[in-house]
Amino acid sequence: QVQLVESGGGSVRSGGSLRLSCSASGSIFRQNTMAWHRQAPGKQRELVASITRVGMRTYADAVKGRFTISRTNAGNTIYLQMNNLKPEDTAVYYCSLTNGESSTYWGQGTQGTVAS
């Protein structure tokens, strides 16, 4: 089993910034991918950004140039720096970890709210 704990959500005004953190513990494979997803009210959960153990990153088109995903050298903590936030970024943000190509584990989610 893997446990994920997120922190850092909050409320900001449009144009502001938030930084999310996610720490993983438990049975973590050497090869894994961690990611941030979000789910806005009435919408499906979507991938925001991902990062592999060796630092390969992907971003959703909607956040490119505004969000940055990073990972500690030890590899079990990731961050999401969110700049120039827009009201449409309002969502519950979830952290995930996928061990190899098998199981995916999820955090409990943290709310990010952007007021116009």
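Structure's up top.
Residues numbered from 1 in each chain as written. Predicted model: local features only at pLDDT ≥ 70, side-chain atom pairs only at ≥ 80, totals over all residues. Heavy atoms only, no water.

### Comments concerning the pairing of strand 11 (residues 110-115)
Side chains of strand 11 alternate between two faces, with T110, G112 and V114 buried and Q111, T113 and A115 left unburied. Two strands pair when backbone bridges link them, and strand 2 (residues 10-13) and strand 11 are joined in this way by four bridges, in the parallel orientation. Its bridge partner being in strand 11, G10 is matched across the sheet by G112. The pairing of strand 9 (residues 91-99) with strand 11 spans three bridges and is classified as antiparallel. Residue pairing across strands places Y93 opposite T110, the latter belonging to strand 11. (Buried < 20%, exposed > 50% of the residue type's maximum accessible area, 1.4 Å probe, protein only. Helix = DSSP H or I, 4+ residues; strand = E, 2+ residues; numbered from the N terminus. Pairing = 2+ DSSP bridges.)

### Things to note about the state of the cysteines
What the rule picks out here adds up to one disulfide. Disulfide partner of C22: C95, at an S-S distance of 2.0 Å. As the torsion about the S-S bond is roughly -75°, the C22-C95 disulfide counts as left-handed. Of this pair, C22 sits in strand 3 (residues 18-26) while C95 sits in strand 9, and the two are 73 residues apart along the sequence. There is no split in this pair, since C22 and C95 are both buried. (Disulfide = S-S within 2.5 Å.)

### Thoughts on the pattern of salt bridges
Counted under the stated rule, the structure contains four salt bridges. Note that R38 and E46 form a salt bridge whose closest N and O atoms lie 2.7 Å from each other. Since its relative accessible area comes to 39%, E46 is described here as partly exposed. One salt bridge in this structure joins D89 and R38, with 2.9 Å as the shortest N-O distance. With a gap of 51 residues between them, D89 in the loop between strand 8 (77-82) and strand 9 and R38 in strand 4 (residues 32-39) connect regions that are remote in the sequence. One connected set of salt bridges, linked through shared partners, spans R38, E46, R66 and D89. (Salt bridge = Lys/Arg side-chain N within 4 Å of Asp/Glu carboxyl O.)

### Quick notes on the pairing of strand 1 (residues 2-7)
Only one face of strand 1 is covered, namely the one carrying V2, L4 and E6; the face carrying Q3, V5 and S7 has none of its residues buried. Of the pairings in the sheet, the one linking strand 1 to strand 3 comprises six bridges and is antiparallel in character. When the sheet's bridge partners are listed, V5 is paired in strand 3 with S23.

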